[in-house]
Amino acid sequence: MTDDPNDESQDPTDDEEQAPRLTLMAPPPDDDAPAPAPTRRACILTAGGDAPGLNAVLRAFVKRATSLGLEVFGSQDGFDGLVRPGRMVRLDNDSVRGILMRGGSILGCSNRANPFSYPVRTATGEELCDKSDEVVERIASFEIDVLVVVGGDGTMHMGKGLADKGIRVIGVPKTIDNDLAATDSTFGFDSAVHVATWAIDNLHATAEAHDRVQIVELMGRYAGWITLHAGIAGGADVILIPEIPYEIERVVQKIHDRGTHDESFTIIAVSEGAAPAGGGTAEIAAAKPGHLARLGGAGQRLADALKDKCDHEIRVTVLGHLQRGGSPSAFDRLLGSRFGARAAELCSEGASNRMVSLRNGSVTDVPLADVVGKMRRVDPSGELVRVARSLGVEMGTGST
Ligand code: F6P
């Protein structure tokens, strides 16, 4: 077997190419020779949507793993590199030089390449196929001992599925939404909150100048962490999150109340996943097999509901993917570095089916099973919501 991961002759799906690879394998050691050090290879991938800090994880993982004697491969575009041939790369200290401050991922990301439900084009459209056994074979063909999956809940789910097929898996928690269970924080969240707070700060000036109601729609599919943190940090007057279905009359009342206090502008921070009581989330495209619904329109829907109920002009800003881009904050670089280094140590220690996690300020690890299918959402009667209310923020419903 050659060391070049892009050598497609290593593609296990290519039967003709398997024979030469087998002939190239080293002969078994004779009994007197010292046992060779076990080949310890790790493969890392970044799956799901990107988040600031992915490159910090990759850099730390490669540096620490290399220092521990591991060889590192990278699968391009999430699990895609383990499904399609010619998409594996070797990672060494040179590959990760100068990437700490860069957004995105040098390996690329994909939230479509699910090995258990992989989209394959057919003459009539697209079919979802289970490629997980092929992935297991490919991992074996590259003699990879451990797979490191960096991602959110969907990624951990896929990792757990491969773990159930006998692959050693280590997870690293990532998502700007910060909604992963069994960790106090994911990396990417802090950078997203910075961008969202910056946006709310800037919107204050223009909203005040024009006496407008300014709505800003922020990311947060199932959990309102970004909106709640940035809303409080940026001084929003109304904060609407998925965990608290809102009553439109309360928002109208808040706008009126501010008008009578010589503050004729209102800033409303709304999560993309927030919905009025009795209503569903606003979607641009409905869910279909292999795809989550694409959320969008929560801000505009709110503006439409307000327009006949208040005298102010209303404007909507959708921050969208700006929250995922840009250079990661110092916190995310640090957390990503800590997670990456610890993941490498877990690989070296022989751990399997664990996820690195931040608990009370320390990096630790938890079973993958504690994470999958669970979600860390805002507690509607928790401390942060109570603080917001105590500062006069309208949360869309009475205290819970
Ligand atoms: O999960 C992170 C997230 O940013 C969500 O808040 C959002 O709904 C989703 O990703 C959007 O993903 P994309 O538009 O890249 O498919």
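Residues numbered from 1 in each chain as written. Predicted model: local features only at pLDDT ≥ 70, side-chain atom pairs only at ≥ 80, totals over all residues. Heavy atoms only, no water.

## Quick word on the overall build of the chain
1) Next: For the chain, the count of helices and strands is eleven helices and 15 strands.
2) Next: Taking the principal axes of the C-alpha coordinates as reference, the chain spans close to 90 × 50 × 35 Å.
3) Next: Considering only intrachain contacts with a sequence separation of at least 6, the fraction spanning at least 24 residues in the chain is 71%.
4) Next: Looking at the chain as shown, the accessible area adds up to about 17,400 Å², and 49% of this sits on carbon and sulfur atoms.
5) Next: A distance of 3 Å separates the average location of the 41 positive side-chain charges in the chain from that of its 57 negative side-chain charges. (Helix = DSSP H or I, 4+ residues; strand = E, 2+ residues; numbered from the N terminus. Contact = heavy atoms within 4.5 Å. Areas by Shrake-Rupley, 256 points an atom, 1.4 Å probe, with all protein chains shown as cover. Lys, Arg positive; Asp, Glu negative; His and termini not counted. Charge placed at Lys NZ, Arg CZ, Asp CG, Glu CD.)

## Overview of the pattern of salt bridges
1) Next: Here the structure, examined in full by the defined rule, presents 22 salt bridges.
2) Next: We note a salt bridge from Arg 212 to Glu 313, for which the minimum N-O separation is 3.3 Å. Taken together, the residues Arg 212 in the loop between α6 (189-210) and β8 (213-218) and Glu 313 in the loop between α9 (298-306) and β13 (314-318) connect sequence positions 101 residues apart.
3) Next: Through salt bridges with shared partners, one network takes in Arg 64, Arg 342, Glu 345, Glu 349, Arg 354 and Asp 365. (Salt bridge = Lys/Arg side-chain N within 4 Å of Asp/Glu carboxyl O.)

## Topic: the sheet that holds strand β10 (residues 266-271)
Within a sheet, adjacent strands bond to each other through the backbone by hydrogen bonds, running parallel or antiparallel.
1) Next: If you walk across this open sheet you meet the four strands as β9-β10-β8-β13, and the pairing is parallel. Pairing within the sheet leaves two strands with one partner each, and these edge strands are β9 (238-240) and β13. On average, each strand axis in the sheet is tilted by 15° relative to the strand beside it, whichever way the strands run.
2) Next: On the sheet, helix α8 (residues 248-259) packs against β8, β9 and β10 and is oriented at approximately 155° with respect to β10. (Pairing = 2+ DSSP bridges. Axes fitted to C-alpha atoms, helices over the stretch in contact; angles between N-to-C directions.)

## What about the side chain of Asn 178?
1) Next: Inspection of the secondary structure puts Asn 178 in the loop between β7 (169-173) and α6.
2) Next: When near neighbours in sequence (up to four residues on either side) are disregarded, Asn 178 contacts Asp 184, Ser 185, Thr 186, Phe 189, Trp 225 and Arg 376.

## Quick notes on the domain arrangement of the chain
1) Next: Split by domain assignment, the chain resolves into domain 1 (8-30 + 38-187 + 328-359) and domain 2 (190-324 + 378-390).
2) Next: Computed from C-alpha atoms alone, the centre-to-centre distance between domain 1 and domain 2 is 35 Å.
3) Next: Residue-level contacts link 15 residues of domain 1 with 16 residues of domain 2.
4) Next: When the buried surface of domain 1 facing domain 2 is broken down by residue, Asp 50, Ile 176 and Asp 177 rank first, second and third, together holding 40% of it.
5) Next: Put simply, domain 1 and domain 2 have one salt bridge between them.
6) Next: Of the charged contacts, one joins Arg 324 and Asp 50 as a salt bridge, the two residues approaching to 3.0 Å between their closest N and O atoms.
7) Next: For the pair domain 1 and domain 2, the interface holds seven residue pairs in polar contact (both at pLDDT 80 or more). (Domains from an automatic or database assignment. Buried area = accessible area lost by both parts, 1.4 Å probe. Polar contact = N/O pair within 3.5 Å; in protein donor to acceptor, adjacent residues only side chain to side chain.)

## What about the packing of aromatic side chains?
1) Next: On inspection of all chains with the given rule, the structure shows one aromatic pair.
2) Next: On the basis of an interplanar angle of 65° and a centroid distance of 5.8 Å, the ring pair of Phe 73 and Phe 142 is categorised as edge-to-face. With Phe 73 in strand β2 (residues 71-75) and Phe 142 in the loop between α4 (132-141) and β6 (146-151), this residue pair connects regions lying 69 residues apart in the sequence. An identical accessibility class is assigned to Phe 73 and Phe 142; each is buried.
3) Next: If you follow Arg 258 out to its NZ or CZ, it ends over the ring of Phe 265, 5.0 Å from the centre.
4) Next: The ring centre of Trp 225 lies 4.5 Å from the NZ or CZ of Arg 376, which sits over that ring. (Phe/Tyr/Trp six-rings, centres within 6.5 Å; stacked < 30°, edge-to-face > 60°. Buried < 20%, exposed > 50% of the residue type's maximum accessible area, 1.4 Å probe, protein only. Lys NZ or Arg CZ within 6 Å of the ring centre and 35° of its normal.)

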